[in-house]
Amino acid sequence: MALCSSVGALALPSELIVHIFSFLSDRDKLRASAVCSRWRECLFYPALWTELKLRIGGGKNGGASGSEQSPRLEFLMRKFGSFVRELQLEFAPVDGYLNPLPNGVESAESDPQFAKDATATYLDQMLCVLGSLRNNRNLQKLSFYGDTCILQDDGILDSSYLSQVDHGGKKIKEIQQLFEELLSNSRQMKWLASVFMLGVVTPCSLAALSNPSTSSLEHLCLIDNQLPSLVSTIELERLANLRSLALDFCDFTSDMCQLLACVDRVPLHRLSLLLNGAALDVKPLDGTATEDDWKALVRRSTNLRVYMLAMDVCSQDLLRVLKPSIPMERVHLDSYSTLVTDGVLELISHQYHKTLTHFILMRDEAGFPDLSGNRNEDPLVLLAWRCLHLTVLIIHASLSFGRLRSSVFENRNLRSSTKVAVYNSVCVSTLLYGAETWTPYRRHITLLQSFHIRCLQKILGLIWKDRVQHAEILQSTNSIYMEAAVAKKLLRWMGHTIRMPEHRLPRQLQGAKRAPGGQKQCYKDYIKKLLKNSGINPMQLEALAQDRSAWQVTCARNPRQRPTAARRETQTKTPEGSRGSSVLWLPLHHLRMSYTVWSHNLVAISRLRGSNLKILEVSEESIDFDPDQSVYIEGDPVHNLIKEVSLGLGRVWHPSMDSSVVLNEPTQHFHREMQSFSAGM
């Protein structure tokens, strides 16, 4: 190619300019194309755009939404759609719609019209993408992921909802025809994935795949909420060179497993299975692969490894699903309303101790105790001890504060008073649920107060280095001490029971005595201490409680007083050698609200696996402390835990949850994990 007459960078040959630009990222290439027409011509050379990764939606804090990104998508597909070889497209949720705000905090995305507009935008964008790709014969990798949470108001989207947006179904039919035309025109397809793409894939779509692509296809993933399976045994028989497969667990039938075990096929290397507990009512487990089918498949595919994501599946169904012959490498248990018992963890650690490398346990709702009945026999410790190849261990439990952190407490568009109001109505009410019947000890009150202060510090944007006293934090947020809040609830309940007749059981239980061998402090003893600290004469208690209005004034006045000087000193004094205020991100130890990992068991896991455990992610909400452990009596328990675990792992460790390691949406995490899992064939 002839040289330009200009001097400088423009004098270089176009081939050399293209080679220099090949080291830039896609975003920098687009920015550099606006410099001059010569650069623009070189930057749009097909060799620079063999791979394209796009993410639509997911606007955060007023960022671009899916409709605002449509012109950019149309421009990119018009330029590169006809020759791109690898295309990965994700339709991400708009920030704020996936996690709706609580009552009193409005969200623009909560309007039902927003879901219809998002659906219409999604259909137009799919028409644009498939229309640009349908004549691309060089396409080797096609990956679609659609987060349907941005497209629905309640429940799973079906054809009846789509018909409200696409009257007559013209766009849906056109999308399906374009997708089938794309498959029929392909000549060297190696990777085909479509996860939760509304109205794109049908049970007949795979039949349109061309014969050359059936011979070259190595990875197949077709997952949707449709009742009929998107991958039939007949169509799977054509894909003789398939090395990786991802589909719904209920669609992995016995016939399909027997087909993959045939000797005239290429051995299967990766198998990703998604099990949704909400779909088990319409998709039973009766026709799935049996133990004998798995044994035959493993004999044929000796290098086979399985990745399974179980969403909200009860323990009885998990025990049926977890066959001993499955070569399980990665397990992800994500639950909302169901409970994963210690028996399931015991089964996993016993059956898959030779192959298990990744274990993730997620919980997004409160309401049950920790996994171990005995705090010294934690099944997670047994899992770390038995599984010799375990490299990734992630335990995450989302409490109310954790679920609202990104949408409310870290939202800069909301005032601090609004955040505190949401915190008091959602988090404090959950934390103190049933406090009227508690018999708290001093260590319980300390943990409650520490959790309360830590949450308020997060809301105000403070850290322990700021050295702000607890009294100033409570005064600025117009909050009270947790001891006062518990006392207020106890006094109100006591007045309510005193006004009851003598034969009522709650009235009789107030005078119950401590059973032999029972706890040292009973409910009656704590009430006496509470009345003494509140300045209420026990002899006048009956008369005061009978007057409802006067008793309400008494309950509202006394608990708001500051604790005594000795107690206040124990709450604000910093032990020598600890870091700042001794605050813990913990719930009350006998009111564990989610998956709980005892701190000393976490230290044991770090010492068992050591540096071989590459990733140890445990959210602060999941950690609980045993006050009987002597190593945590002196100093800050969190600081001591970080020190012990860091020594065990041989690197710096902190109790936190990295959003890049585990995504909040389980289906999106399954899509990302499946890609990395299958790419390692």
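It should be emphasised that the depicted structure is a prediction, and the values quoted were computed from it without experimental measurement.

Attention now goes to the overall build of the protein. In terms of helices and strands, the protein carries 27 helices and 14 strands. Counting all 681 residues of the protein, 52% fall into the buried class. Considering only contacts in the protein between residues 6 or more positions apart, those separated by 24 or more positions represent 79%. Accessible surface, the protein as shown: approximately 32000 Å² in total, 51% of it carbon and sulfur.

Below, the discussion takes up the environment of tyrosine 481. Locating tyrosine 481 in the fold gives a position in the loop between helix H18 (470-476) and helix H19 (482-498). Separated by 29 residues in sequence, tyrosine 481 and histidine 452 place their C-alpha atoms 8.2 Å apart.

Let us look at the pairing of strand E9 (residues 328-335). The element E9 is extensively covered by neighbouring structure, given that 8 of its 8 residues are classed as buried. Across 6 bridges, the pairing between strand E8 (residues 305-311) and E9 is parallel. For valine 306, the partnering residue across the bridge sits in E9 and is methionine 328. With respect to chirality, the unit in which E8 leads through helix H12 (residues 315-321) into the neighbouring parallel E9 is right-handed. As paired strands, E9 and strand E10 (residues 358-363) are joined by 6 bridges and run parallel to one another. Within E10, the residue paired with leucine 333 across the bridge is leucine 361.

Attention now moves to the packing of helix H13 (residues 342-351) against helix H14 (residues 379-386). For the pair H13 and H14, interaxial distance at closest approach is 9 Å and the crossing angle is 5°. Accordingly, the angle class assigned to the pair H13 and H14 is roughly parallel. Here H13 contributes Asp342, Leu345, Glu346, Ile348, Ser349 and His350 to the contact with H14, which in turn contributes Pro379, Leu380, Leu382, Leu383 and Arg386. Taken together, the residues of the contact of H13 with H14 break down into 6 nonpolar, 2 polar and 3 charged.

A word on the environment of isoleucine 527. Tracing the backbone through its elements, the reader meets isoleucine 527 in helix H21 (residues 523-534). Residue isoleucine 527 is classed as buried on the basis of its relative accessible area of 10%. In sequence terms isoleucine 527 and alanine 487 are 40 residues apart; their C-alpha atoms lie 9.1 Å from each other.

The next thing to look at is the side chain of histidine 452. Mapped onto the fold, histidine 452 is located in helix H17 (residues 442-460). Apart from the residues lying within four places of it in its own chain, the contact partners of histidine 452 are Tyr423, Leu474, Ser479, Ile480 and Met482.

Moving on, we come to H17. Over its 19 residues, H17 extends 27 Å from the first C-alpha to the last, a length consistent with the 27 Å expected when each residue adds 1.5 Å. The buried fraction of H17 amounts to 14 of the 19 residues, a majority that puts the element mostly inside the structure.

Next up on the list: the pattern of salt bridges. Enumeration over the complete set of coordinates arrives at 15 salt bridges. Between aspartate 124 and lysine 171 there is a salt bridge, with its nearest N and O atoms 2.8 Å apart. Here lysine 171 lies in helix H7 (residues 170-185) and aspartate 124 lies in helix H5 (residues 112-133), a separation of 47 residues in the sequence. Residue lysine 171 is classed as partly exposed on the basis of its relative accessible area of 29%. Between arginine 386 and glutamate 346 there is a salt bridge, and its shortest N-O distance comes to 2.9 Å. On the criterion of sequence distance, the pair formed by arginine 386 in helix H14 and glutamate 346 in helix H13 is long-range, its members being 40 residues apart. Beyond isolated ion pairs, a larger network of salt bridges with shared partners links Arg305, Glu329, Arg330 and Glu673.

Another point: the side chain of aspartate 251. Along the chain, aspartate 251 turns up in the loop between strand E6 (244-248) and helix H10 (254-260). For aspartate 251, a relative accessible area of 12% corresponds to the buried category. Discounting residues that sit within four places of it in the chain, aspartate 251 has contacts with Ser229, Met256 and Lys283.

Applying the stated criterion across every chain, the model contains 9 aromatic pairs. Chaining the aromatic ring pairs together yields one cluster made of Phe44, Trp49, Phe75, Phe80 and Phe83. Over the ring of tryptophan 49 we find lysine 29, and its NZ or CZ is 5.3 Å from the ring centre. Sitting over the ring of tryptophan 191, lysine 141 keeps its end group 4.5 Å from the ring centre.

Another aspect to go through is the confidence of the model for the protein. For the protein, the average pLDDT comes to 77, and 76% of its residues sit at 70 or higher. Predicted confidence for residues 1-5 stays below pLDDT 50, and this span has 8 contacts to residues more than four positions away or in other chains. Here residues 59-63 scores under 50 on pLDDT; set against residues more than four positions off or in separate chains, the count is 7 contacts.

On to the environment of leucine 530. Residue position: leucine 530 is located in helix H21. In this structure leucine 530 comes out as buried when scored by relative accessible area, which is 8%. Along the backbone, leucine 530 and lysine 488 are 42 residues apart, and their C-alpha atoms lie at a distance of 9.9 Å. Residues within four places of leucine 530 in sequence aside, it is in contact with Ala487, Leu490 and Leu491.

Looking now at helix H4 (residues 70-80). Listed as buried for H4 are Leu73, Leu76, Met77 and Phe80. Seen along its axis, H4 keeps its buried residues to an arc of 95°; they face one direction. Within H4, the exposed residues directed more than 90 degrees away from the buried face are Pro71 and Arg78.

Turning to the packing of helix H16 (residues 416-431) against H17, a few remarks are in order. It is at 10 Å that the axes of H16 and H17 come closest, and there the two elements cross at 155°. By the angle between their directions, the pair H16 and H17 is classed as roughly antiparallel. The two elements H16 and H17 cross, and the hand of that crossing is right-handed. Here Ser416, Lys419, Val420, Tyr423 and Leu431 of H16 come into contact with H17, specifically with Leu448, Phe451, His452, Cys455, Leu456, Ile459 and Leu460. Taken together, the residues of the contact of H16 with H17 sort by class into 9 nonpolar, 2 polar and 1 charged.

Bringing unusual backbone geometry into the picture now. A positive phi angle, near 55°, is found at phenylalanine 196, a position not held by glycine. Note that phenylalanine 196 resides in the loop between strand E4 (191-195) and helix H8 (211-216). The exposure class assigned to phenylalanine 196 is buried, which follows from its relative accessible area of 8%. A positive phi angle, close to 55°, is found at aspartate 312, a residue other than glycine.

Counting residues in hydrophobic clusters, the biggest one holds 116 residues, and the most contacted among them are Phe252 and Phe359. For this core, the element with the most residues is H5, which contributes 8 residues. In contact with phenylalanine 359, not counting residues within four places along its chain, are Val331, Leu333, Leu345, Ile348, Leu380, Leu383, Leu390, Val392, Leu393 and Ile394. Membership of the second largest hydrophobic core comes to 39 residues, among which are Cys427, Cys455, Leu456 and Ala545.

Thresholds, definitions, all that
- Residues numbered from 1 in each chain as written.
- Predicted model: local features only at pLDDT ≥ 70, side-chain atom pairs only at ≥ 80, totals over all residues.
- Heavy atoms only, no water.
- Helix = DSSP H or I, 4+ residues; strand = E, 2+ residues; numbered from the N terminus.
- Buried < 20%, exposed > 50% of the residue type's maximum accessible area, 1.4 Å probe, protein only.
- Contact = heavy atoms within 4.5 Å.
- Areas by Shrake-Rupley, 256 points an atom, 1.4 Å probe, with all protein chains shown as cover.
- Pairing = 2+ DSSP bridges.
- Right-handed = clockwise from strand over helix to strand, strands pointing away.
- Axes fitted to C-alpha atoms, helices over the stretch in contact; angles between N-to-C directions.
- Parallel < 35°, antiparallel > 145°, perpendicular 65-115°, else oblique.
- Nonpolar A, V, L, I, M, F, W, Y, C, P; charged D, E, K, R; others polar.
- Expected span 1.5 Å × (residues − 1).
- Salt bridge = Lys/Arg side-chain N within 4 Å of Asp/Glu carboxyl O.
- Phe/Tyr/Trp six-rings, centres within 6.5 Å; stacked < 30°, edge-to-face > 60°.
- Lys NZ or Arg CZ within 6 Å of the ring centre and 35° of its normal.
- pLDDT = per-residue confidence, 0-100.
- Arc of directions from axis to C-beta.
- Left-handed = near helix turned anticlockwise from the far one by under 90°.
- Core = buried A, V, L, I, M, F, W, Y, C linked by side-chain atoms within 4.5 Å.

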